[in-house]
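# Examining the three-dimensional arrangement
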Protein chains: 2
Amino acid sequence: MKKLRPQLATPDDAEAVFYESFIRCDTPVMTALWADGDVVCVHPGSAAILGHDAVCRSWSNIFSNAQRAQVEYSVVKRTVSNDLAVHIVMEEILTEEAGVAIVLATNVYRRYQSGWLMIEHHASLVQRRSNDRTLQ
Amino acid sequence: MKKLRPQLATPDDAEAVFYESFIRCDTPVMTALWADGDVVCVHPGSAAILGHDAVCRSWSNIFSNAQRAQVEYSVVKRTVSNDLAVHIVMEEILTEEAGVAIVLATNVYRRYQSGWLMIEHHASLVQRRSNDRTLQ
């Protein structure tokens, strides 16, 4: 099936679509936002998921299990170079089940002819009590 | 103090220096590898640390508490665009205390006049039992 690609003029536009689809549990929009090929997604605490279809299936599974969550996000840092952009984003996710969770995400976007698409999402939960005694 | 910058011709060279300094708990080499300015580091389970000095202090703290670890790494995916490179890396970290841990890292490098330097490291622990019921 040919995907209808969004026409996204900036990495910020792509990011807005990402979080909109996340909040709305909207699999078709999420699927159209991810580039084809060997994209990578790491959900909190999970292994890497490789490839457009596997990544989008993982979002579809999450959306089918999830309550709709309230998500607020703020960009901690943007780095851009021609056709590649890296954003570090702090997400505050509020669900009735789990309360508020703070997640840090590295979101990577690439510019294609049609516009910017997502090629990586790496998310990790910020533990409430973290100190310097980590593995690394 | 003026930092002696390594002359690193490729992102892979920078990555090799990163893991060498990690394995050897070598703060001066780690400090020289990170670019100045608003770089970002996320240790597993931790909040974002911003800025060269704070990031390097965090590594110094980790090294002073840590046993030397055995670390093997393999690059899952490389994306490069002119002067910006994003690597997804799987790390296997072996310590006597904690056994083997699998960590996923997004490492971001930027090319400066002197060569490639690190501007982001975002690491997350892969939980032994992960399933689709994550926060996102």
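See the structure above.
A quick note: this is a predicted structure, and the numbers were derived from the prediction, not measured. (Residues numbered from 1 in each chain as written. Chains lettered and ligands numbered in written order. Predicted model: local features only at pLDDT ≥ 70, side-chain atom pairs only at ≥ 80, totals over all residues. Heavy atoms only, no water.)

We now examine the interface of chain B and chain A. The partner chain A presents 52 residues to the 53 residues of chain B that form the contact. Approximately 4,200 Å² of surface area, both sides summed, lies buried where chain B meets chain A, with 60% of it carried by carbon and sulfur atoms. On the surface where chain B and chain A come into contact, there are 0 salt bridges. The tally of links from chain B across to chain A stands at 15 residue pairs in polar contact (both at pLDDT 80 or more). Elements represented by at least two residues in the side of chain B that touches chain A include exactly β1 (40-42), β2 (48-50), α3 (52-65), β3 (70-81), β4 (84-95), β5 (99-112) and β6 (115-125) of chain B. Partitioned by chemical class, the residues of the side of chain B that touches chain A number 27 nonpolar, 17 polar and 9 charged. (Contact = heavy atoms within 4.5 Å. Buried area = accessible area lost by both parts, 1.4 Å probe. Salt bridge = Lys/Arg side-chain N within 4 Å of Asp/Glu carboxyl O. Polar contact = N/O pair within 3.5 Å; in protein donor to acceptor, adjacent residues only side chain to side chain. Helix = DSSP H or I, 4+ residues; strand = E, 2+ residues; numbered from the N terminus. Nonpolar A, V, L, I, M, F, W, Y, C, P; charged D, E, K, R; others polar.)

Each α-helix winds once per 3.6 residues, and so residues spaced three or four apart point in a common direction. All names here are of chain A. Helix length check: helix α1 (residues 11-24) (14 residues) gives 20 Å between terminal C-alpha atoms against 20 Å at 1.5 Å per residue, within 8%. When α1 is considered as a whole, its buried residues turn out to be Pro 11, Ala 14, Glu 15, Val 17, Phe 18, Tyr 19, Ser 21 and Phe 22. Looking one or two residues past α1, Cys 25 carries a phi angle of roughly 50°, positive in sign. (Expected span 1.5 Å × (residues − 1). Buried < 20%, exposed > 50% of the residue type's maximum accessible area, 1.4 Å probe, protein only.)

All names here are of chain A. Scanning all chains against the criterion turns up 6 salt bridges over all chains. Between Asp 36 and Arg 5 there is a salt bridge, with its nearest N and O atoms 3.3 Å apart. You can see Asp 36 sitting in the loop between α2 (27-33) and β1 (40-42) and its partner Arg 5 sitting in the segment before α1, a full 31 residues away along the chain. Across the pair Asp 12 and Arg 78 runs a salt bridge whose closest N-O atoms are separated by 3.1 Å. Here Asp 12, found in helix α1, pairs with Arg 78, found in strand β3 (residues 70-81); they are 66 residues apart in sequence, far enough to count as distant.

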